[in-house]
Amino acid sequence: MNTMGCKFKRYIMPIAVFAMGILLSVNSVAHAVSLPGEAIVGDYELTITAMGKTYTYRYPEIDVVGGEVYLKNVEEVVEGIYFDTVIKPIDASLKIYPERENPFVYYSENSGAGIDCEKLVKDIKSALYARKRNISAEVVTLMPTVTLAALKEETKLLSTFSTDYSNSQEERKHNVGIATQTIGGYALKSGAEFSFNEVVGARTKERGYKSAKIIVGGEFTEGVGGGVCQVSSTLYNCALLAGLTVTERHNHSLLVSYVEPSFDAMVNSGSADLKILNSKDSNVYIVASCNGGKIKFRIYGRNDGFEYKRISVIDEYISPPAEEIVETADLELGERRVVCASKRGVKSSGYLVKYLNGKKISETRLSKDSYAAVKGKVEIGTKI
């Protein structure tokens, strides 16, 4: 019997019955009901030994109906003995250390022990029928649900993806570090959905985030939490390469430098999220780390043999508008300073190609995206 509990059908035993035209009440049974074999309920008791403990039952727990002795609510009694004596098995488990090359530390499983509930119910009924006064519960081994071998099979490296942020300002690096460390090592159960905003939380000063460059309304500006979108974009690409299902993703309004067009994933605390569904039949583990120069994501799970490749395609270029010229007395006459360089926008598509044993089996367009052109701004000096 390999179970963590005993389950029985419930029934209600009648309090009194008619036998030979006479109503035997509970009160009368207590005094002088003769049982087969001359046993008397008032004197009879049954002792059960289970895993080093003893349990004794007598009237009124033991009663008589129609000349047959029974233990009231016998299934519930056995369940109580089970949960009072059971030594629960311990599943194999792991801890994740994101900064390590091999991020997992494993802990082996241990078997448990418990009484055989169904057999004990039968033994109790047999003992009462035969007027036995002592019985012992049979002990069975309880096996853990998760073994070390199974756990190691579902922690194979499925994908890895990195982006560079070494040239970022210190405030941006700080934000990247907070978001990455918050994710750390994350176990995503089969059928569960990962929400970047829920896991990382709000990007606020109260939570330690600093002001850095962000994209708002097609322009680069300062905002609390700048840099976090690079973390979400890195995770997005890693999830695609692991064969996970992305259920929500948004592109930026402008091109970013750390990933190809159509492979960025913009997030904000208010409305835009990155959501990833574990559509596999076992757990997957998301491991995030950063070192001041690179953001690295790794996803582990059970290897199904599939491999994936990303393809970014530029469908159209968008020419930038004429640059803005601003005169300033801060510069010498005729001196020119580029405040913001003009940059073409693009319309692009992102594709994911799926392979099995090196053979292409599918190609899926993930998205069609549009990134606005950047209007340049130049200052011209007027100082004489």
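About the criteria used
Residues numbered from 1 in each chain as written. Predicted model: local features only at pLDDT ≥ 70, side-chain atom pairs only at ≥ 80, totals over all residues. Heavy atoms only, no water. Helix = DSSP H or I, 4+ residues; strand = E, 2+ residues; numbered from the N terminus. Expected span 1.5 Å × (residues − 1). Buried < 20%, exposed > 50% of the residue type's maximum accessible area, 1.4 Å probe, protein only. Arc of directions from axis to C-beta. Contact = heavy atoms within 4.5 Å. Pairing = 2+ DSSP bridges. Axes fitted to C-alpha atoms, helices over the stretch in contact; angles between N-to-C directions. Core = buried A, V, L, I, M, F, W, Y, C linked by side-chain atoms within 4.5 Å. Parallel < 35°, antiparallel > 145°, perpendicular 65-115°, else oblique. Left-handed = near helix turned anticlockwise from the far one by under 90°. Nonpolar A, V, L, I, M, F, W, Y, C, P; charged D, E, K, R; others polar. Phe/Tyr/Trp six-rings, centres within 6.5 Å; stacked < 30°, edge-to-face > 60°.

K.L.:
Mind laying out helix H3 (residues 117-130), listing which residues take part and the relevant values?
P.N.:
Spanning 14 residues, H3 covers 20 Å between terminal C-alpha atoms, matching the ideal 20 Å at 1.5 Å per step. Those residues of H3 not exposed but buried are Cys-117, Leu-120, Val-121, Ile-124, Ala-127 and Leu-128. Taken end-on, H3 shows its buried residues confined to a sector of 130 degrees, consistent with a single buried face. When the buried face of H3 is taken as reference, the exposed residues oriented beyond 90 degrees from it are Glu-118, Lys-122 and Tyr-129. On its buried face, H3 sits against strand S3 (45-50), strand S5 (62-65), strand S6 (68-71), helix H2 (74-85), strand S9 (112-115) and strand S10 (134-136). Directly after H3, the chain includes Arg-131, whose backbone phi takes a positive value near 60 degrees.

K.L.:
Report on the sheet that holds strand S19 (residues 284-290), specifying residues and quantitative values.
P.N.:
Through backbone hydrogen bonds, the strands of a sheet pair up, either in parallel or in antiparallel fashion. Here four strands make up an open sheet; going across it, the order is S12-S20-S19-S13 and the pairing antiparallel. Edge strands, defined here as strands with exactly one partner in the open sheet, are strand S12 (156-164) and strand S13 (185-188). Going from strand to strand, the sheet's axes swing by 15 degrees on average, the running direction of each strand aside. Here S19 runs beside strand S20 (residues 294-301); their pairing, made up of six bridges, is antiparallel. Paired with Ala-288 across the strands is Phe-297, a residue of S20. Across the face of the sheet, helix H5 (residues 170-183) comes into contact with S13, S19 and S20 while running at roughly 155 degrees to S19. Those strands touched by helix H7 (residues 228-241) are S12, S19 and S20, and its axis lies near 145 degrees from that of S12.

K.L.:
Explain the pairing of S20 to me, using residue names and the numbers behind them.
P.N.:
Taken across its eight residues, S20 has six buried, putting it largely inside the fold. Pairing of S12 with S20, which is carried by eight bridges, proceeds in the antiparallel orientation. Its bridge partner lying in S20, Thr-160 is registered against Arg-298. Where S19 folds back on S20, the antiparallel hairpin that results is connected by three residues, among which Gly-292 adopts a positive phi of roughly 90 degrees.

K.L.:
Would you mind going over the environment of Arg-133 in detail, with residue names and values included?
P.N.:
Mapping Arg-133 onto the fold places it in the loop between H3 and S10. Through-space distance from the C-alpha of Arg-133 to that of Thr-56 is 9.3 Å; in sequence the pair is 77 residues apart.

K.L.:
Outline the nonpolar core, listing residues and values.
P.N.:
One finds Ile-183, Phe-194, Phe-196 and Phe-297 to be the most contacted residues of the largest nonpolar core, which totals 43 residues. At the level of elements, H5, helix H6 (196-200), H7, S19 and S20 are the ones that each hand at least two residues to this core. For this core, the element with the highest residue contribution is H7, accounting for nine residues. Once you skip the residues sitting within four places of it in the chain, Phe-297 turns out to touch Ser-159, Thr-160, Phe-161, Ile-183, Val-231, Thr-234, Leu-235, Cys-238, Ile-286, Val-287 and Ala-288. Grouped together as the second largest cluster of nonpolar side chains are 27 residues, Tyr-55, Tyr-57, Ile-124 and Leu-142 included.

K.L.:
Give me the pairing of strand S26 (residues 377-383): which residues, what numbers.
P.N.:
Where strand S22 (residues 324-332) and S26 come together, six bridges link them in parallel fashion. Each residue of the ladder has a partner; that of Val-326, found in S26, is Glu-379. Here four bridges tie strand S23 (residues 336-340) to S26, and the two strands are oriented antiparallel to one another. Bridge assignment links Cys-340 to a residue of S26, and that residue is Lys-377.

K.L.:
Please provide a residue-by-residue account of the packing of H2 against H3, values included.
P.N.:
Where H2 contacts H3, the axes come no closer than 10 Å and their chain directions differ by 130 degrees. In terms of orientation, H2 and H3 fall into the oblique class. Considering the relative orientation of H2 and H3, their crossing is right-handed. Here Val-74, Val-78, Ile-81 and Tyr-82 of H2 come into contact with H3, specifically with Cys-117, Leu-120, Val-121, Ile-124 and Lys-125. In terms of residue class, the contact of H2 with H3 is built from eight nonpolar, no polar and one charged.

K.L.:
Account for the packing of H5 against H7, with residues named and values stated.
P.N.:
Between H5 and H7, the least distance of the axes is 8 Å, while the angle of their chain directions is 45 degrees. Considering their axes alone, H5 and H7 lie oblique with respect to each other. Considering how the two elements wind past one another, H5 and H7 form a crossing that is right-handed. Contact residues: H5 offers Arg-172, Asn-175, Val-176, Ala-179, Thr-180 and Ile-183, while H7 offers Val-228, Gln-230 and Val-231. Grouping the constituent residues of the contact of H5 with H7 by class yields five nonpolar, three polar and one charged.

K.L.:
Any chance you could break down the packing of aromatic side chains for me, citing the residues and the numbers?
P.N.:
Counted by the stated rule, this structure contains five aromatic pairs. Here the aromatic rings of Tyr-82 and Phe-83 are separated by 5.1 Å at their centres, their planes lie at 90 degrees, and the arrangement is edge-to-face. A residue is classified by how much of its surface remains accessible, and Phe-83, at 48% relative accessible area, is partly exposed. Geometrically, the ring pair formed by Phe-104 and Tyr-300 is edge-to-face, given 4.8 Å between the ring centres and 85 degrees between the ring planes. In this pair, Phe-104 sits in strand S8 (residues 104-107) while Tyr-300 sits in strand S20, placing the two residues 196 residues apart along the sequence.

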